[in-house]
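An overview of the molecular structure
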Amino acid sequence: GVLLLWKIGLGGSFTGVTVHEVNAHGHAQIMGWVGLFIMGFAYQAFPRIWHVDLPAPRLALVSWLGMLMGIACRSTAMMFTASTWARPVHHFGVAVEVTAVAIFVTLLLTAFRRSGQPIKPYVAFAFAALAFFFIQTIYSGWHVARLMAAPDRETLLHQIATFQAPLRDVQIHGLAMLMIFAVSIRMFPAMFGLPEVSARR
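Residues numbered from 1 in each chain as written. Predicted model: local features only at pLDDT ≥ 70, side-chain atom pairs only at ≥ 80, totals over all residues. Heavy atoms only, no water.

Before going further, it helps to examine the overall build of the protein chain. From N to C terminus, the protein chain includes six helices and zero strands. Of the regular secondary structure in the protein chain, the N- to C-terminal order runs α-α-α-α-α-α. C-alpha atoms of the protein chain, sized along the principal axes, occupy 55 × 35 × 30 Å. Across the 201 residues that make up the protein chain, the buried fraction comes to 42%. Taking the intrachain contacts of the protein chain between residues at least 6 apart in sequence as the baseline, contacts between residues at least 24 apart amount to 76%. Roughly 11,400 Å² of accessible area belongs to the protein chain as shown, and the carbon and sulfur atoms make up 69% of that amount. For the protein chain, the separation between the mean place of its 14 positive charges and that of its 7 negative charges on side chains is 9 Å. (Helix = DSSP H or I, 4+ residues; strand = E, 2+ residues; numbered from the N terminus. Buried < 20%, exposed > 50% of the residue type's maximum accessible area, 1.4 Å probe, protein only. Contact = heavy atoms within 4.5 Å. Areas by Shrake-Rupley, 256 points an atom, 1.4 Å probe, with all protein chains shown as cover. Lys, Arg positive; Asp, Glu negative; His and termini not counted. Charge placed at Lys NZ, Arg CZ, Asp CG, Glu CD.)

The following block contains the structure:
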């Protein structure tokens, strides 16, 4: 983000950066900031809430390393789309990210199943967020691949106009907001002495 602002400032134009560079920034935010934060919190907190150990903690480490590699590959490829290596590196990054998120989701689902607890509303919100996490990882990979392969400006703009806003909706409301709701419903009453929200409500 800082690099893009410097580029815009030095160029004296808000159009001084490409849509690919802006998407690289967006990807680093969604996967690198929001995604990694959610993964770190969920790995630490949810098994404790469910009174179980995280299954296969070494796989959690693999998913962390995979996310770092995928984010680095994809964001770098988006910054250098004109390079011959950009598309293969991006595709590799997508595969690694999908694998990392699949591991994350599987470990949490396994932990919950072992707990034997019922699906309470906060759990439903959390699982919906996990589903959107996986969906947006695939969707984002497909969308950016189409942008990188666009043969002309018209095709590029059509892809952005049609698919970029829904992607951001899935990422921000599907992933981030639903996970915030899950954690808030479960944690805020205990942390701040608030009355619990009824399950039906």
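Turning our attention to the packing of aromatic side chains. A full pass over the atoms with the stated rule returns 12 aromatic pairs. An aromatic cluster of at least three residues, connected via ring pairs, comprises Phe41, Phe46, Trp50, Phe112 and Phe127. Residue placement shows Arg186 over the ring face of Tyr122; its charged tip is 5.8 Å from the ring centre. (Phe/Tyr/Trp six-rings, centres within 6.5 Å; stacked < 30°, edge-to-face > 60°. Lys NZ or Arg CZ within 6 Å of the ring centre and 35° of its normal.)

Attention shifts here to the nonpolar core. By size, the foremost hydrophobic cluster in this structure holds 35 residues, and its most contacted members are Tyr43, Phe46, Trp50, Met67, Phe104, Phe133 and Met179. Looking at this core, the elements with two or more residues in it are α2 (19-49), α3 (57-79), α4 (86-115), α5 (121-149) and α6 (153-192). With nine residues, the single largest contributor to this core is α4. Among residues more than four places away in sequence, those in contact with Met179 are Ile38, Phe46, Ala126, Ala129 and Leu130. Grouped together as the second largest cluster of nonpolar side chains are six residues, Ala77, Met78, Val144 and Met148 included. (Core = buried A, V, L, I, M, F, W, Y, C linked by side-chain atoms within 4.5 Å.)

Our focus in this paragraph is the confidence of the model for the protein chain. Chain-level statistics for the protein chain give a pLDDT mean of 94 and a share of 100% at 70 or above. Model confidence for the protein chain, summarised as mean pLDDT per element, is weakest for helix α1 (residues 2-11) at 87 and strongest for α4 at 98. (pLDDT = per-residue confidence, 0-100.)

Moving on, we get to the environment of Leu5. For Leu5, the location among the structural elements is in helix α1. Overall, Leu5 belongs to the exposed group, its relative accessible area being 62%. For the pair Leu5 and Ser63, spaced 58 residues apart in sequence, the C-alpha separation works out to 31 Å.

Before going further, it helps to examine the packing of α2 against α5. One can describe the packing of α2 onto α5 by two numbers: an axis separation of 12 Å at closest approach and a directional angle of 155°. For the element pair α2 / α5, the angle class is roughly antiparallel. When you trace α2 past α5, the crossing you get is left-handed. Contacts between α2 and α5 involve His20, Asn23, His27, Ile30, Met31, Gly35, Met39, Phe46 and Ile49 on the former and, on the latter, Tyr122, Ala126, Phe133, Gln136, Thr137, Ser140, Leu147 and Met148. Its residues assigned to classes, the contact of α2 with α5 shows 10 nonpolar, seven polar and no charged. (Axes fitted to C-alpha atoms, helices over the stretch in contact; angles between N-to-C directions. Parallel < 35°, antiparallel > 145°, perpendicular 65-115°, else oblique. Left-handed = near helix turned anticlockwise from the far one by under 90°. Nonpolar A, V, L, I, M, F, W, Y, C, P; charged D, E, K, R; others polar.)

Once that is clear, we can look at α3. Its 23 residues place the ends of α3 33 Å apart at the C-alpha level, agreeing with the 33 Å of an ideal helix rising 1.5 Å per residue. Within α3, burial applies to Ala60, Ser63, Gly66, Met67, Gly70, Ile71, Cys73, Arg74, Ser75, Ala77 and Met78. (Expected span 1.5 Å × (residues − 1).)

Turning to unusual backbone geometry, a few remarks are in order. The phi dihedral of His51 falls on the positive side, at around 60°, and the residue is not glycine. If you trace the backbone, His51 turns up in the loop between α2 and α3. Residue classification places His51 among the exposed positions, given a relative accessible area of 70%. Phi at Ala56 is positive, roughly 50°, even though this residue is not glycine. Along the chain, Ala56 falls in the loop between α2 and α3. For Ala56, a relative accessible area of 38% gives the class partly exposed.

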